[in-house]
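Secondary and tertiary structure notes
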Amino acid sequence: MTYIDPNISRRWHRLVLGAAVLGISALLTGTSAGAASVDKAPFGKTQDGKAVDLYTLTNDKGASVKFIAYGGIITAINVPDRWGKLDNIVLGFKELADYESKNPYFGALIGRYGNRIGGAKFTLDGTQYQLAANNGPNSLHGGSKGFDKAVWAVEPLTNVSGAAARLSYTSKDGEEGYPGTLTVQVVYTLTNDNELRIDYEATTDKPTVVNLTSHSYFNLAGDGAGGIGDHILTINADRYTPVDATLIPTGELASVTGTPFDFRQGMPIGARIRSNDPQMVYGRGYDHNYVLNRSDSGLSLAARVYEPRSGRIMEISTTEPGVQFYSGNFLDSTLVGPTGQQYRQTDGFCLETQHFPDSPNKSSFPTTVLKPGETLKSTTIHKFSTDAS
Ligand code: BGC
């Protein structure tokens, strides 16, 4: 079904939306107008009866990003390998019911607070706020019903060079224990340069804490292609935030030099993953926040991943101060993907751009406090290419 009018053909829809999207550049370059599109189709109903649609953003190269209104979950990213073959490079499920009942945050928008808040509580302006302890003693990814479980309002956008959609959600004052009504907008853009750009904005009516991110599990060889140990990862960080046994940062910004955390030169993810460094034992592998090297607050390179078999490359730039590198350690073969593949430990990895975990309880970390009158703005770009391009 097309987004604008279910009765018009996909071709017509592509012409209408594509003309707006590509505008003069299409005329100048001779690109077939209308190649970029936003399509919508029913995906199912939530257990409490809410209809959930699946949206497909397609760019003029034929690459696509699919997401659902439930949790803003990115269910597929189809990008070319070095021979031009499109494959889906993110883990997911076939059915909405699986996303509702057992999703380890595959593809989801995370809020209000990405990653952990220690002891499931924090104090702001002298008041202590109690959160849901949904991860041992800590609160993880916004609590028991975080933004990954909300049904977001979605509208297509046409004033971009690619295909885009805006997702909106208003989190009520007190939801999951957090103060303030938080109004959140996230824009997913698939550019004609094969970039997935994610722009976040949030405002509040009372001081609160916010840390928004996106939780795709990537396998650049293709979803279901096996382990990610051979992916060559570079992280632009001299330091990381070591954790305690419950994965809460100790507060130290430790040097990566001489540790399995040093990814400043590209290294296979699997090369040091079985290290008996106590930090690796706590997380059963990599589950750590990196302190990104940056010279200003603009977009800067956080990480690069290269997959040798397919030739695919993903470069992540962000305005955020940190990135959580999670090597899929808690996948345990119990979850099954859309084409029947079992997800085993380290079959996917996450690079979640973010503020540091437990910042509300760590005054030395960059602040996550948002006040009335301020607008949180954050951008992350995933650029997909290959070693042949
Ligand atoms: C966390 C992991 C967690 C995973 C999935 C990551 O962001 O750091 O500890 O297991 O999300 O829930």
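Computed from a predicted model, the values in this text were never measured in an experiment.

Here we look at the overall build of the protein chain
Along the backbone of the protein chain there are three helices and 29 strands. A globule of 389 residues ought to have a C-alpha radius of gyration of about 21 Å, and the protein chain, at 20 Å, matches this closely. Each principal axis of the C-alpha atoms in the protein chain carries an extent, and together these give about 55 × 45 × 45 Å. Here the protein chain holds 389 residues, and the buried ones make up 55% of them. The long-range share in the protein chain, meaning contacts at least 24 apart out of those at least 6 apart in sequence, stands at 64%. By element, 51% of the accessible surface of the protein chain is carried by carbon and sulfur atoms, the whole surface being about 15400 Å². Of the side chains in the protein chain, 35 bear a positive and 39 a negative charge, and the two mean positions are spaced by 2 Å.

A look at the site of the ligand
Around the ligand, the structure places Pro 104, Tyr 105, Asn 115, Arg 116, His 141, His 215, Tyr 217, Asp 287, Gln 324, Tyr 326, Phe 330 and Glu 352. Between the ligand and Asp 287 there is a distance of 2.4 Å, counted from an oxygen atom to a side-chain nitrogen or oxygen. Glu 352 has a polar side-chain atom sitting 2.6 Å from an oxygen atom of the ligand. Alone, the ligand offers 300 Å² of accessible surface; in the complex the protein occludes 93% of this. For the shell around the ligand, the per-class residue count stands at five nonpolar, four polar and three charged.

A short note on unusual backbone geometry
Here Gly 111 and Arg 112 are connected by a cis peptide whose omega angle stands at -5°. Note on placement: Arg 112 falls in the loop between strand E6 (108-110) and strand E7 (116-117). With a phi angle near 70°, Leu 247 is a residue other than glycine that sits in the positive phi range. By the secondary structure assignment, Leu 247 is in the loop between strand E18 (239-241) and strand E19 (254-255). The exposure class of Leu 247 is buried, given its relative accessible area of 7%. One non-glycine residue, Asp 358, adopts positive backbone phi at about 60°.

Focus: the sheet that holds strand E21 (residues 287-291)
The antiparallel open sheet is built from five strands, whose spatial order is E19-E18-E21-E24-E27. At either end of the open sheet lies a strand with only one pairing partner, and these are E19 and strand E27 (350-354). Relative to strand E24 (residues 322-326), E21 runs antiparallel, the two sharing five bridges. Across the sheet, Asn 289 pairs through a bridge with Gln 324, a residue of E24.

Concerning the nonpolar core
Among the nonpolar cores identified, the biggest contains 61 residues, and Ile 77, Tyr 290, Phe 325 and Leu 351 are the most heavily contacted of them. When neighbours within four sequence positions are excluded, Phe 325 is seen to be in contact with Leu 233, Ile 235, Phe 263, Ile 269, Tyr 286, Asp 287, His 288, Tyr 290, Phe 349, Cys 350 and Leu 351. Ile 68, Ile 73, Leu 96 and Tyr 343 belong to the second largest nonpolar core, which has 20 residues in total.

Focus on the side chain of Asn 211
Mapped onto the fold, Asn 211 is located in the loop between strand E15 (208-209) and strand E16 (213-215). The exposure class of Asn 211 is buried, given its relative accessible area of 1%. At 2.8 Å, the side chain of Asn 211 and the backbone nitrogen of His 355 are in polar contact. Each residue touching Asn 211, except ones within four places of it in the same chain, is listed here: Ile 110, Gly 111, Arg 112, Tyr 113, Gly 114, Glu 320, Gln 354, His 355 and Phe 356.

Examining the pairing of strand E29 (residues 376-386)
Counted residue by residue, E29 has eight buried out of 11 residues, so it is predominantly covered. Here eight bridges tie strand E14 (residues 195-204) to E29, and the two strands are oriented antiparallel to one another. The residue of E29 that forms the bridge with Glu 201 is Lys 377. Pairing of strand E23 (residues 312-318) with E29, which is carried by seven bridges, proceeds in the antiparallel orientation. From the neighbouring strand, Ser 317 faces E29, where its bridge partner is Ile 381.

Describing the sheet that holds strand E2 (residues 51-58)
Strand pairing within a sheet occurs via backbone hydrogen bonds; the two strands may be parallel or antiparallel. Here we have five strands laid out as an open sheet, ordered E1-E2-E3-E4-E5, and antiparallel in their pairing. One side of each edge strand has no neighbouring strand; the edge strands of this open sheet are strand E1 (37-45) and strand E5 (86-88). The mean inter-strand angle of the sheet, taken between neighbouring strand axes irrespective of direction, is 15°. Pairing between E1 and E2: eight bridges, direction antiparallel. Counted as the bridge partner of Gly 44 is Val 52 from E2.

Digging into the confidence of the model for the protein chain
A low pLDDT score tells you not to read the predicted coordinates there in detail. In this model, the protein chain carries a mean pLDDT of 92, and residues with pLDDT of at least 70 account for 91%. Segment residues 1-33: pLDDT under 50, and 56 contacts once partners within four positions in sequence are set aside and those in other chains are kept.

Scoring rules and cut-offs
- Residues numbered from 1 in each chain as written.
- Predicted model: local features only at pLDDT ≥ 70, side-chain atom pairs only at ≥ 80, totals over all residues.
- Heavy atoms only, no water.
- Helix = DSSP H or I, 4+ residues; strand = E, 2+ residues; numbered from the N terminus.
- Rg over C-alpha atoms; globule rule 2.2 N^0.38 Å.
- Buried < 20%, exposed > 50% of the residue type's maximum accessible area, 1.4 Å probe, protein only.
- Contact = heavy atoms within 4.5 Å.
- Areas by Shrake-Rupley, 256 points an atom, 1.4 Å probe, with all protein chains shown as cover.
- Lys, Arg positive; Asp, Glu negative; His and termini not counted.
- Charge placed at Lys NZ, Arg CZ, Asp CG, Glu CD.
- Near = heavy atom within 4 Å.
- Polar contact = N/O pair within 3.5 Å; in protein donor to acceptor, adjacent residues only side chain to side chain.
- Nonpolar A, V, L, I, M, F, W, Y, C, P; charged D, E, K, R; others polar.
- Pairing = 2+ DSSP bridges.
- Core = buried A, V, L, I, M, F, W, Y, C linked by side-chain atoms within 4.5 Å.
- Axes fitted to C-alpha atoms, helices over the stretch in contact; angles between N-to-C directions.
- pLDDT = per-residue confidence, 0-100.

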